[in-house]
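# Observations on the model geometry
Here is how the chains run, residue by residue.
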Amino acid sequence: MALSQLLLLACSATALHEPRGPPGVSELRSNGAEHSALEGISAAAYAWRRAAQQRRGALERADVELEGLSAAAYITELQRSHAEARGNGAALEGLRGGDARPAQPPLSPKVVAAYAAAGLATTAVRAAVARRGPAPWQAAVAACWTLNNVAVMVPGRYDGGGDGAPTAATANLLAPAGWAFAIWGPIFLGECVTMLLVTAADPGHPVFDVGAAIAAPWCAGTLCQVAWCGLFRPSVCGPGALWIPSAALAATAFFLGKAHAALQGLDLYAAGPLRGLRNDLLVRWPLSLHFAWVTCATLVNINKYLALRGADLRVKEAGALGSVAVAAAAAAYVLRTTGDPLYGFVVAWALAAVAADGGRQAARGLVPDAPIDRVVGAAKAAAVAVGAVACVAPFAADVADAYHARGSCARRRPVRESPW
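Rules used in this analysis
Residues numbered from 1 in each chain as written. Predicted model: local features only at pLDDT ≥ 70, side-chain atom pairs only at ≥ 80, totals over all residues. Heavy atoms only, no water. Helix = DSSP H or I, 4+ residues; strand = E, 2+ residues; numbered from the N terminus. Expected span 1.5 Å × (residues − 1). Buried < 20%, exposed > 50% of the residue type's maximum accessible area, 1.4 Å probe, protein only. Arc of directions from axis to C-beta. Polar contact = N/O pair within 3.5 Å; in protein donor to acceptor, adjacent residues only side chain to side chain. Contact = heavy atoms within 4.5 Å. Phe/Tyr/Trp six-rings, centres within 6.5 Å; stacked < 30°, edge-to-face > 60°. 1 Å grid on protein atoms, 1.4 Å probe; cavity = no way out; pocket = protein on both sides within 12 Å on 5 of 7 lines; lining within 4 Å. Points joined across faces, edges and corners; volume = space filled by probe spheres on them. Nonpolar A, V, L, I, M, F, W, Y, C, P; charged D, E, K, R; others polar. Salt bridge = Lys/Arg side-chain N within 4 Å of Asp/Glu carboxyl O.

## Considerations on helix α5 (residues 184-199)
When the terminal C-alpha atoms of α5 are compared, their 22 Å separation across 16 residues agrees well with the 22 Å that a helix rising 1.5 Å per residue should span. If you check which residues of α5 are buried, you get Ile-187, Phe-188, Gly-190, Glu-191, Thr-194, Met-195, Val-198 and Thr-199. The buried residues of α5 occupy one face: seen down the axis, they fall within an arc of 165 degrees.

This is the structure in structure tokens:
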């Protein structure tokens, strides 16, 4: 019993101390399996991450494509809008047979009747009240004023959009800014008041004598302007014949200058300061405005003739610079001979409008900038000079008259009354 127990204990000890093979082999096997499992998980995570990156790249490319499509759609829509605008302009140009700018409103018979009634009502009422007919010159003034106002409203002139869009060949270097033509409002309104004033005057009244003195040249100038309205049209005078309406406008300026000179020979203040001021504001001012502006308009017409005729750029530049010089010389002459500053101010207004436009209306971008800049610089300098001389002209005339009246010169000249 004791022996068997001893043997059992020995076998148990031997079993406990029996080696299990090389140390660490099973552990290495276990670690290798775990490492392989981790590698499989890492590969799956990497593949998933790669797929996510690819999906994100695809989404980014889709966004870029959508943005490109949006930009392309916007450009396409913009081009379509421009094409529609060009098509509408071409259709309008085809309907009008020329320029695509808005046409002048048609002449209404009611407007014609209103002007005719306004022009003739004064003389008719005056004849009924005074039981006498108007003087011949009064009827002529009313008729010419009415005819002129009707003529300027007839559409189709070059200045109403009949000259077409400018090109490099038809670029005009002397085109005033649009705001300069606002002066026609005071001119027409002032001459309406002048017409009503002189046609309502009785013989022996100072205004009657004023009207009688200026009636003939004023009517001649107004009829020349009516002729210009009829000639300054593509349907009447083509680009090569535009010198004809330019000559008509020059004749308008000539006869208005005659009327202006006749007015300077009258003593408008003989009937008193208030009546003299009335004669100045209601007779002299409208006539001076009209005379000065038509002088400048004649030069603008000449340059338009050179432009539409397709003259060489050097010829156009010489014509524009010569026109600036002629305008300044005309202002200097009228200021020297009459002392009327209003004429000088209007010429300065026109030259300032040419400088303000800067050739943008009918030349800039079509021809080199150098000749345009020279014309603009000359117009700006002339506008400043003429405006400055116009400011001192009335005072210079008074000083010169006082100097000669004192007998300071060996050869005296007649003392004249300053209109101002």
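## A closer look at the environment of Val-152
Within the secondary structure layout, Val-152 lies in the loop between α4 (136-151) and α5. A relative accessible area of 21% means that Val-152 is categorised as partly exposed. Note: C-alpha distance between Val-152 and Trp-228 (76 residues apart in sequence) is 9.3 Å.

## Concerning the side chain of Thr-298
With respect to the helices, strands and loops of the structure, Thr-298 is situated in helix α8 (residues 273-308). Only 2.8 Å separates the side chain of Thr-298 from the backbone oxygen of Val-294, close enough to count as a polar contact. Residues in contact with Thr-298, not counting those within four places in the same chain, are Ser-246, Leu-249, Ala-250 and Ala-253.

## As for the packing of aromatic side chains
According to the stated counting rule, one finds 8 aromatic pairs in the structure shown. Between Trp-184 and Phe-188, the aromatic rings sit 5.4 Å apart at their centres with planes inclined by 35 degrees, giving tilted as the arrangement. Taken as a pair, Trp-184 and Phe-188 lie in helix α5 at a separation of 4 residues, close to a single helical turn. Relative to Tyr-343, the ring of Phe-291 has its centre 4.8 Å away and its plane inclined at 45 degrees; by these criteria the two rings are tilted. Here the residue Phe-291 occupies a position in helix α8, and Tyr-343 occupies one in helix α10 (residues 341-357), the gap between them amounting to 52 residues. Across this residue pair, the class does not change: Phe-291 and Tyr-343 are buried. Members of the aromatic cluster, each reached through a chain of ring pairs, are Tyr-158, Trp-228 and Phe-232.

## Examining empty space enclosed by the protein
Under the counting rule described, the total for this entry stands at 2 cavities of 30 Å³ or more. Roughly 120 Å³ of volume is contained in the largest cavity. Residue lining of the largest cavity: 13 residues in total, with Val-141, Thr-194, Val-198, Ile-214 and Trp-218 positioned closest to the centre. Within the residue set of the lining of the largest cavity, elements represented by two or more residues are α4, α5, α6 (206-231) and α8. In terms of lining residues, the second largest cavity is bounded by Leu-173, Ala-175, Val-354, Asp-357, Gly-358, Gly-359, Ile-372, Val-375 and Val-376. At the level of secondary structure, the elements contributing two or more residues to the lining of the second largest cavity comprise α10 and α11 (369-405). Looking at the lining of the second largest cavity, the element that brings in the most residues is α11, giving 3 residues. Split into classes, the residues belonging to the lining of the second largest cavity amount to 6 nonpolar, 2 polar and 1 charged.

## Considerations on the pattern of salt bridges
With the rule as written, the count across this model stands at 5 salt bridges. Across the pair Arg-157 and Asp-159 runs a salt bridge whose closest N-O atoms are separated by 2.9 Å. Residue Arg-157 is classed as buried on the basis of its relative accessible area, which comes to 9%. For Asp-369, the salt bridge is made with Arg-364, and the minimal N-O distance between the two is 3.3 Å. A residue is classified by how much of its surface remains accessible, and Asp-369, at 40% relative accessible area, is partly exposed. Three or more residues are tied together by salt bridges with common partners; here these are Arg-364, Asp-369 and Asp-373.

In short, shape yes, function no, at least from these values alone.
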